[in-house]
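So you can see what is in the structure, the chains are spelled out below.
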Amino acid sequence: MIFGQLSTHEAAGAMLAHRVRAGGTVLQKGNILGQREIELLKAEGVASVWAARLEPGDLEENRAAERVARAVEGDCVVRAQAATGRVNFYAAADGVFVVDADQVNAVNLIDPAITLSTLRPHERVYRNQLVATVKIIPYGVPGAVVAAAVEAALQAEVFSVKPFLGLSVGLIQCTNAALKGSVLEKTHMAIDARVAAGHGVLTGETRVPYTVPALAAALREMAEANDLTVIFGASAIADRADIVPSAIVAAGGRLTHVGMPVDPGNLLVLGELAGKPVIGAPGCARSIKDNGLDLVLTRLMAGIDVGARDIALMGVGGLRADVPRPHPRRSGPSPENAPSVAIAVLAAGRSSRMGDCNKMLARLGDVPLVRLAAEKALEAGQGHALLVTGHMAEAVAAAVGDLPVQKVFNPAFATGLSSSLKCAVGALPPSCDGILIHLADMPEITAQHLRALCDVFEAAGGNCIVRATANGRRGNPIILPRALFDEVFSLTGDIGARAIIETSGLAVHDVEIGASAAIDVDTIEALGSLGGTFAPEAG
């Protein structure tokens, strides 16, 4: 490819490298200069332009990007059309991203003109999430270089998404006199949220005395009925001969690995019984906070085998504990280290006061109520938005369409609002400092309202509660900080976070947004007052 400053007289057919203004016309970068454009430039006295001209054998950037993209594309990903020399890839389903680092490196070592970048190996991904991109740097690349990159990519699968398989999971908790019932309940909620986030079903829980015979008997029964079993001992696992590892062997299983180079999560045990995985969970996994169990469970839920070597290689990146951040108690915001807030749109309820119709599918201005809420969450620009579904989950998710929101199914939606809160918190990435709870049946809430709440949270340093108010009365949405995430799992029934807010001891910042903070769509009459209607599929 020839690139440089060309005389306008000899630039016909070349690709414009920089934007040029000619009188009242702007010729954009990337335009092919035809005779009309050349005459326009001459008439305006433009003597030269920076441009690129392909040589024989060169491939234009989009054609080059397409060829490389077809070679690297793997299973369960969607390839977008090439534009400006770039092809993006998106996950076709919720699951785990698998990538061969050697293959990526082989492509990138061919020539600096061709670049391939991806997410980290075994990162959890969500449908429609960007997972990889091919970018051609110059406007054209020699065909031989593209052919070499294609050949390198075809040696093995470069990347793919392994979708979650919807596994059934059984939970065994060991008990003793020192273990409080509240701890067992909190553990159940944490595992339920993790399993639901992996599209699985927690089928049941068994509680047994902390002895090898009792645990082995329970394990045989639980393993027979489920795809995967998680065990919590009544105390930390101290050795391969301890109760949990011994019970796996006594049940007829085998130990795969004891311990892992991940912190928190060192004391994890992995085994198998009748060809099915068995996890002895570390005590830290009683909390929803990210730990070693998440690294193993997420892969297993996607059908990815985890062996002793896999666990041994988790040390790089295995330090999962929160580390001191530059902003934990700062007095003012900073763009570089501002607290991260995820916006959770809750849309799982049964709309029991609407009769046979689901209010999430009601339309305001021909747009489903749930889609309006999701659009506003994305417009708020916080970087991560998720949608919790439950009742009529497929129809509700379809109403949102291809909006890039993380979809989380709440299998316990019939039990009330608290279950959706737990699913939302359980699905958050570890980088989130707070969660904004946005009820999808509040159509008067705008993106500006959501941003205002997030701005207050940021200005306060990310360790406070932020609550919308309507003429001085508490309303919604609210923001909960990470410090209260564990408390969410103590909630039960059809209640929100009010009890947590009132007993947390954290500062509560009220943000007055007017009547919008109190207007929801709970009845047919309320919907009608806003000009809403039901589509046929809402029932």
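**Q** Mind showing me how you'd approach the overall build of the chain here?
**A** The number of helices and strands found in the chain is 16 helices and 30 strands. Seen along its three principal axes, the alpha-carbon backbone of the chain occupies a region of about 90 × 60 × 50 Å. Counting all 539 residues of the chain, 51% fall into the buried class. By sequence separation, contacts in the chain at least 24 residues apart represent 70% of the contacts at least 6 residues apart. Surface accessibility of the chain: about 23300 Å² in total, with carbon and sulfur atoms responsible for 53%. Each charge class in the chain can be summarised by its mean position, and for the 46 positive and 55 negative side chains these summaries are 2 Å apart.

**Q** Please clarify how the packing of helix H2 (residues 61–72) against helix H4 (residues 143–153) should be interpreted in this entry.
**A** For any two helices packed against each other, the geometry is given by the interaxial angle and the distance between the axes. Remark: H2 packs on H4, axes separated minimally by 8 Å, with the N-to-C direction vectors making an angle of 10 degrees. One way to sum up the angle between H2 and H4 is to call them roughly parallel. Residue-level contacts link Ala64, Arg67, Val68, Ala71 and Val72 of H2 to Val146, Ala149, Val150 and Ala153 of H4. Looking at side-chain class alone, the contact of H2 with H4 contains eight nonpolar, no polar and one charged residues.

**Q** Please explain the packing of helix H10 (residues 369–379) against helix H13 (residues 447–459) as it appears in this structure.
**A** Viewed as axis vectors pointing N to C, H10 and H13 meet at an angle of 45 degrees, and their least axial separation amounts to 8 Å. Between H10 and H13, the angle is such that the two are oblique. Here the hand of the crossing between H10 and H13 comes out right-handed. Contacts between H10 and H13 involve Lys376, Ala377 and Glu379 from the former and Ala447, Gln448, Leu450 and Arg451 from the latter.

**Q** What is the right way to look at the sheet that holds strand S7 (residues 77–79) in this model?
**A** Strand pairing in a sheet is mediated by backbone hydrogen bonds. Such pairs are either parallel or antiparallel. Across the sheet, which stays open at both edges, the four strands sit in the order S7-S8-S12-S10 with antiparallel pairing between neighbours. In this open sheet, the two strands that pair with only one neighbour each are S7 and strand S10 (114–118). For this sheet the average axis-to-axis angle between neighbouring strands, irrespective of direction, equals 15 degrees. Where S10 meets strand S12 (residues 130–136), five bridges bridge the pair, whose relative direction is antiparallel. Paired with Ile114 across the two strands is Ile136, which belongs to S12.

**Q** Which parts of the structure should I look at to understand the nonpolar core?
**A** Leu346, Val370, Val388, Ile435, Leu436, Ile437 and Leu480 are the most contacted members of the largest nonpolar core, which has 73 residues in total. Within the second largest apolar cluster, 32 residues are counted, among which are Val68, Val87, Val125 and Val145.

**Q** Mind showing me how you'd approach the pairing of strand S17 (residues 228–232) here?
**A** Each regular strand carries side chains that alternate between the two faces of the sheet. Burial analysis of S17 places five of its five residues in the buried class, which makes it a mostly covered element. Side chains of S17 alternate between two faces, with Leu228, Val230 and Phe232 and Thr229 and Ile231 buried alike. Alignment of strand S15 (residues 168–175) against S17, held across five bridges, turns out to be parallel. Looking at the pairing, Gly170 lines up with Thr229 of S17. Judged from the three bridges that link them, S17 and strand S20 (residues 276–280) form a sheet pairing that is parallel. In the strand pairing of S20, Ile231 is matched with Gly280.

Quick notes on the rules
- Residues numbered from 1 in each chain as written.
- Predicted model: local features only at pLDDT ≥ 70, side-chain atom pairs only at ≥ 80, totals over all residues.
- Heavy atoms only, no water.
- Helix = DSSP H or I, 4+ residues; strand = E, 2+ residues; numbered from the N terminus.
- Buried < 20%, exposed > 50% of the residue type's maximum accessible area, 1.4 Å probe, protein only.
- Contact = heavy atoms within 4.5 Å.
- Areas by Shrake-Rupley, 256 points an atom, 1.4 Å probe, with all protein chains shown as cover.
- Lys, Arg positive; Asp, Glu negative; His and termini not counted.
- Charge placed at Lys NZ, Arg CZ, Asp CG, Glu CD.
- Axes fitted to C-alpha atoms, helices over the stretch in contact; angles between N-to-C directions.
- Parallel < 35°, antiparallel > 145°, perpendicular 65-115°, else oblique.
- Nonpolar A, V, L, I, M, F, W, Y, C, P; charged D, E, K, R; others polar.
- Left-handed = near helix turned anticlockwise from the far one by under 90°.
- Pairing = 2+ DSSP bridges.
- Core = buried A, V, L, I, M, F, W, Y, C linked by side-chain atoms within 4.5 Å.

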